[in-house]
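The primary structure of each chain is shown beneath.
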Amino acid sequence: MRINKYISETGYCSRRETDRLIAECRITINGVACEAGDTVTEGDIVLIDGSPIPSKAMPVYLVLNKPVGITCTAAKNVKGNIIDFVAFPERIFPVGRLDKASEGLILLTNDGTIVNKIMRSEYGHEKEYLVKVDKPFEHDFILGMSEGVEILGVTTKPCTVEKISDSEFRIILKQGLNRQIRRMCKVFGYRVERLERKRIMNLSAEGLSSGEWRELTPGEIEELMSRLV
């Protein structure tokens, strides 16, 4: 099993975070510094910072209404990182990213097994955003955004786009390319002034003020897991 998958399944951290630890030479396999792509077999001794990986903790699932200015990383050396901001007493990490200039819902957990199931586009899980751009748009903009836009060398998947006002729209994506909405808008000559994620699948930050977080209810967890099967 590849090392980043092995560690994510222990619940210690996500695959992305594991890759960061590997780059920092903090993981060893049988006493040898780990490299990206290394594999683990039964009986191998995997250490992080010289210590065994802690036993899998009880799963934790939080939703945060992220304010603008907070960076979605577990890297402690990054000022304004999301982990320090939430200050949860147990080790957690964000599921996916919401860029520093954006706000709204983000899920944090210690359950590395759900990250790819939520984020990978082939699973088609919905993520809903409210977006304000710098000038009024016409129907052609809504149509073009919904049909797919050429960015990062690929065409975005068709999506649902609904006009809210002359300069605001709601968009529901089933993929998550880097800065996707901002790049899509830029193709049509618009600059995003405000971007707020409202929903991931069945989860929302409704009722949370900016900067507030809460644990998922048992009902939310049950529904989320049923969609990830």
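Just so we're clear, the structure is a prediction, and the values are computed from it rather than from any experiment.

Undergrad: Is there a simple way to think about the sheet that holds strand 1 (residues 27-29) in this case?
TA: Strand pairing within a sheet occurs via backbone hydrogen bonds; the two strands may be parallel or antiparallel. Pairing within the open sheet is antiparallel, and its four strands lie in the order 2-1-3-4. If you trace the sheet from one side to the other, it starts and ends with strand 2 (32-33) and strand 4 (51-52), each paired once. As paired strands, strand 3 (residues 46-48) and strand 4 are joined by two bridges and run antiparallel to one another. Bridging across to strand 4, I48 finds its partner in S51. Across the face of the sheet, helix 1 (residues 3-10) comes into contact with strand 1 and strand 3 while running at roughly 70° to strand 3.

Undergrad: For this particular structure, what's the right way to read the pairing of strand 8 (residues 127-133)?
TA: Sheet faces and side chains relate simply in a regular strand, where the side chains alternate between the two faces. With respect to burial, strand 8 is a largely interior element, six of its seven residues being buried. In this sheet, strand 12 (residues 168-173) lies alongside strand 8 in antiparallel orientation, the contact comprising six bridges. Each bridged residue has a counterpart across the sheet, and for V131 the counterpart in strand 12 is F169. Where strand 8 and strand 13 (residues 192-200) come together, seven bridges link them in antiparallel fashion. Looking at the pairing, L130 lines up with E196 of strand 13.

Undergrad: What is the right way to look at the packing of helix 1 against helix 2 (residues 15-23) in this model?
TA: Think of two packed helices as two axes; the pair is described by the angle between the axes and how far apart they sit. Packing of helix 1 against helix 2 brings their axes to within 8 Å, and their N-to-C directions diverge by 120°. Regarding the angle of helix 1 to helix 2, the classification is oblique. Crossing hand, helix 1 versus helix 2: right-handed. Residues I3, N4, K5, I7 and S8 of helix 1 lie in contact with helix 2, whose contacting residues are R15, T18, D19 and I22. Its residues assigned to classes, the contact of helix 1 with helix 2 comprises three nonpolar, three polar and three charged.

Undergrad: When you look at the side chain of S146 in this model, what are you seeing that I'm missing?
TA: When you line up the elements, S146 lands in helix 5 (residues 139-147). Within the local environment of S146, its side chain forms a polar contact with the backbone oxygen of L143, the two atoms lying 2.8 Å apart. Not counting the four nearest positions on each side in its chain, S146 is found in contact with P158, C159 and V161.

Undergrad: Help me out: how do you make sense of the pairing of strand 13 in this one?
TA: Taken together, the two bridges between strand 7 (residues 103-109) and strand 13 define a ladder with parallel strand orientation. From the neighbouring strand, G104 faces strand 13, where its bridge partner is R197. Once strand 13 ends, the chain turns through two residues before running back antiparallel as strand 14 (residues 203-204), passing M201 with a positive phi of about 55°.

Undergrad: What exactly am I supposed to notice about the environment of E103 here?
TA: Among the structural elements, E103 can be located in strand 7. Residue classification places E103 among the buried positions, given a relative accessible area of 16%. Counting along the chain gives 49 residues from E103 to L152, while the straight-line C-alpha distance between them is 23 Å. Each residue touching E103, except ones within four places of it in the same chain, is listed here: K66, P67, V68, L98, R194, L195, E196 and R197.

Calculation criteria
- Residues numbered from 1 in each chain as written.
- Predicted model: local features only at pLDDT ≥ 70, side-chain atom pairs only at ≥ 80, totals over all residues.
- Heavy atoms only, no water.
- Pairing = 2+ DSSP bridges.
- Helix = DSSP H or I, 4+ residues; strand = E, 2+ residues; numbered from the N terminus.
- Contact = heavy atoms within 4.5 Å.
- Axes fitted to C-alpha atoms, helices over the stretch in contact; angles between N-to-C directions.
- Buried < 20%, exposed > 50% of the residue type's maximum accessible area, 1.4 Å probe, protein only.
- Parallel < 35°, antiparallel > 145°, perpendicular 65-115°, else oblique.
- Left-handed = near helix turned anticlockwise from the far one by under 90°.
- Nonpolar A, V, L, I, M, F, W, Y, C, P; charged D, E, K, R; others polar.
- Polar contact = N/O pair within 3.5 Å; in protein donor to acceptor, adjacent residues only side chain to side chain.

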